[in-house]
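Below, each chain spelled out in residue letters.
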Amino acid sequence: MAFPGSRYARLIWRHLPILLAGVLGGYIVGTNKTEIRRVLQDVDYPQLNSTERALPVRAAIVALVRNSDLFGLRLAMRQIEDRFNSRYNYPYIFVNDVPFTEEFKQGVSDLTKARVEFGTLDHDSWKVPEWIDQERYDQVKRTAKYPHGEKDSYRKMCRFQSGYLHRHPLLSDLEYYWRIEPDVEYFCDIDYDPFMFMKQNGLKYGWNIAMPEFMDTIRTLWNTTQQFIAENPKYLAKNNLKEWLVDDSGDYNGCHFWSNFEIVDLSFYRSPAYQAYFDYLDRAGGFFYERWGDAPVHSIAAALFLNASQVHYFDDIGYFHPQVYTCPAGSKQRGRCVCDPDQSIVQNGFCNVRFRNTKHQILYPDSPTAAYTGPVLHALPQVASE
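As a convention, each chain's residues are numbered from 1 in the sequence order in which they are written. In keeping with the predicted nature of the model, local features appear solely for residues at pLDDT of at least 70, side-chain atom pairs appear and are counted solely at 80 or more, and the whole-chain, interface and lining totals rest on all residues. The side-chain values count all of the structure's non-hydrogen atoms but skip hydrogen atoms and water molecules.

**With respect to the nonpolar core**
By size, the foremost hydrophobic cluster in this structure holds 60 residues, and its most contacted members are Y205, W244, L245, F268, Y277 and F305. Among the elements that line this core, the one with the most residues is helix α13 (residues 294–305), at seven residues. When sequence neighbours within four positions are dropped, the list of residues in contact with L245 reads W222, D251, Y252, N253, G254, C255, I300, A303 and L304. Within the second largest apolar cluster, 40 residues are counted, among which are V57, I61, L73 and Y176. Take the buried residues of types Ala, Val, Leu, Ile, Met, Phe, Trp, Tyr and Cys, join any two whose side-chain atoms come within 4.5 Å, and each joined set is a nonpolar core. Here the term buried applies to any residue with accessible area under 20% of the maximum for its type, exposed to any over 50%, and partly exposed to those in between, with areas from a 1.4 Å probe on protein chains only. A helix here means a DSSP run of H or I that spans at least four residues, while a strand means a run of E at least two residues long, and both kinds are numbered starting from the N terminus. A contact between two residues is defined here by any heavy atoms of the two lying within 4.5 Å.

The structure is reproduced here in structure tokens:
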């Protein structure tokens, strides 16, 4: 018998890992796959699942979708998971004007380890309000020449995204949301937490595509906004981005952030300024008599009620929404993005460049140069933003 300290004991302890590996290998060779799985499942790994791990920010990835959007949403989720969320497991929240099918629920849940919640809309948030003149509204739908001009559901969607999504009960405990849509793509690995980035830097609104709006859909939006500001001047932020919104004559230039990608501190949408602004617009009826979209509504509000330092351009997140995409510079040759910046027209588009230069002038008033001095594309295609 070998005692501790003896030459035999030292040899045994020195070669114990090899001996154990051999024994285990012999066991596995002689064991069927079912038994191996049982052994592995019995091991108590020190890991927490997504519902047990405390997230650094109370945030979620959110979408208003239909059951028919299942495949397109699965495509978007697959990219979000691969590029970002598989490392963080932020929950998903999906809402619909009708109950989700079991097929839909299973189809999206299959793609993530994170919690997925499903909700429906209440009647008041998805209706034509009683103060809308139905005869006038029907005439508008018959004669509208712009995209989705004939659609009742599209207008309800714009109104809901503008004033009700952030008030849905499933979002009540959130600090931030990241809005996604079906059929979008993300070209870059996102190796940091945008929610934490927003929180640590005091940011309220994040975007990455800015485009001109179809002006026929918002003919009276700016005049209505000016009336609201005249009645509520207290809501204007001191260092606001109004100059980004207007041309030399003071009229709205149509620039807006595409809200199909937005990362938002929800305290902004819950603020007295934003809520009063939405209620004022809602009473004016422009969501139905015209076709005011949530993108220009969100954008005008962010530009007027937030300071320039609180609005962030996520130029490092390559993103595609059907018809238009944005791609970080140099992505063909290096980095963690796979896209062609030469095919991305929005970075040097008028609205994007005007935002960068306006913000730069506000933050650095003594700077002798603009943030961007290269060529500017003024004739970007007008495409539907929602």
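**Side note on the environment of S344**
Among the secondary structure elements, S344 is positioned in the loop between β12 (324–326) and α14 (350–363). Placed 17 residues apart in sequence, S344 and C327 show a C-alpha to C-alpha distance of 6.0 Å. Beyond its immediate stretch of four places on either side in the chain, S344 contacts Y325, T326 and C327. Among the polar contacts listed, one links the side chain of S344 to the side chain of Q347, at a separation of 2.3 Å. Two N or O atoms form a polar contact when they lie within 3.5 Å of each other; inside protein one atom must be a possible hydrogen donor and the other a possible acceptor, and for residues adjacent in sequence the pair counts only when both atoms belong to side chains.

**What about the state of the cysteines?**
Disulfide: a pair of cysteine sulfur atoms within 2.5 Å of each other. Inspection of every chain in the model, using the stated rule, returns three disulfides. Sulfur-sulfur distance for the disulfide between C255 and C351 comes to 2.2 Å. With the S-S bond torsion at -85°, the cross-link from C255 to C351 turns out left-handed. Taken together, the positions of C255 in strand β8 (residues 255–257) and C351 in helix α14 put the pair 96 residues apart, joining distant regions of the chain. Note on cysteine connectivity: C327 is disulfide-linked to C339, with sulfurs 2.0 Å apart. One quick way to see it: the torsion about the S-S bond of C327 and C339 is about 85°, and its sign makes the bridge right-handed. Taken together, the residues span a long stretch of sequence, with C327 in the loop between β12 and α14 and C339 in the loop between β12 and α14 at a distance of twelve residues.

**Describing the sheet that holds strand β6 (residues 205–207)**
Taken together, the seven strands give an open sheet; going across it, the order is β3-β2-β1-β4-β9-β6-β10, and neighbouring strands pair in mixed fashion. Pairing within the sheet leaves two strands with one partner each, and these edge strands are β3 (116–120) and β10 (311–313). The sheet shows a mean angle of 20° between the axes of neighbouring strands, taken without regard to direction. Fitting a line to C-alpha atoms yields each axis, with helices limited to the stretch in contact; the angle taken between N-to-C directions then spans 0 to 180 degrees. Sheet strands in contact with helix α4 (residues 102–109) are β2 (92–96) and β3, and its direction is about 150° off that of β3. Against the sheet, α14 touches β6 and β10, its axis set at about 130° to β10. Two strands make a pair as long as DSSP finds a minimum of two bridges between them.

**Description of the pairing of β3**
With five bridges connecting them, β2 and β3 associate as parallel partners. The partner of Y92 across the bridge, within β3, is V116. Clockwise travel from the first strand over the helix to the second, with the strands pointing away from the viewer, marks a crossover as right-handed. Following the backbone out of β2, through α4 and into the adjacent parallel β3, one traces a crossover that is right-handed.

**Structural notes on helix α11 (residues 272–284)**
A helix's residues, less one, multiplied by 1.5 Å, set its expected span. For α11, built from 13 residues, the straight-helix expectation of 18 Å at 1.5 Å per residue is met to within 8% by its first-to-last C-alpha distance of 18 Å. Every buried residue of α11 is accounted for by A273, Y274, Q275, Y277, F278, L281 and D282. Where α11 is buried, its residues meet α6 (152–163), α8 (221–231), α10 (266–269), α12 (286–289) and α13. Of the residues one or two after α11, G285 is the one with positive phi, at around 90°.

**What to know about the confidence of the model for the protein**
When pLDDT is averaged along the protein, the result is 86, and 82% of the positions lie at 70 or above. A residue's pLDDT is the confidence the predictor assigns to it, expressed on a 0 to 100 scale. In the predicted structure, residues 1–13 sits below a pLDDT of 50 and forms five contacts with residues beyond four places in sequence or in another chain. Taken together, the stretch residues 15–52 has pLDDT below 50 and engages in ten contacts with residues farther than four places along the chain or on a different chain.

**Points about the sheet that holds β12**
The strand order β5-β11-β12 describes an open sheet built from three strands, whose pairing is antiparallel. In this open sheet, the two edge strands, each paired with only one partner strand, are β5 (185–186) and β12. Where strand β11 (residues 319–321) meets β12, three bridges bridge the pair, whose relative direction is antiparallel. Across the sheet, residue H321 finds its bridge partner in β12, namely V324.

**Describing the environment of F278**
Checked against the element boundaries, F278 lands in helix α11. For F278, a relative accessible area of 1% corresponds to the buried category. When the C-alpha atoms of F278 and Y164 are compared, they prove to be 9.6 Å apart, with 114 residues separating the residues in sequence. Not counting the four nearest positions on each side in its chain, F278 is found in contact with R159, S162, G163, Y164, R167 and F287.

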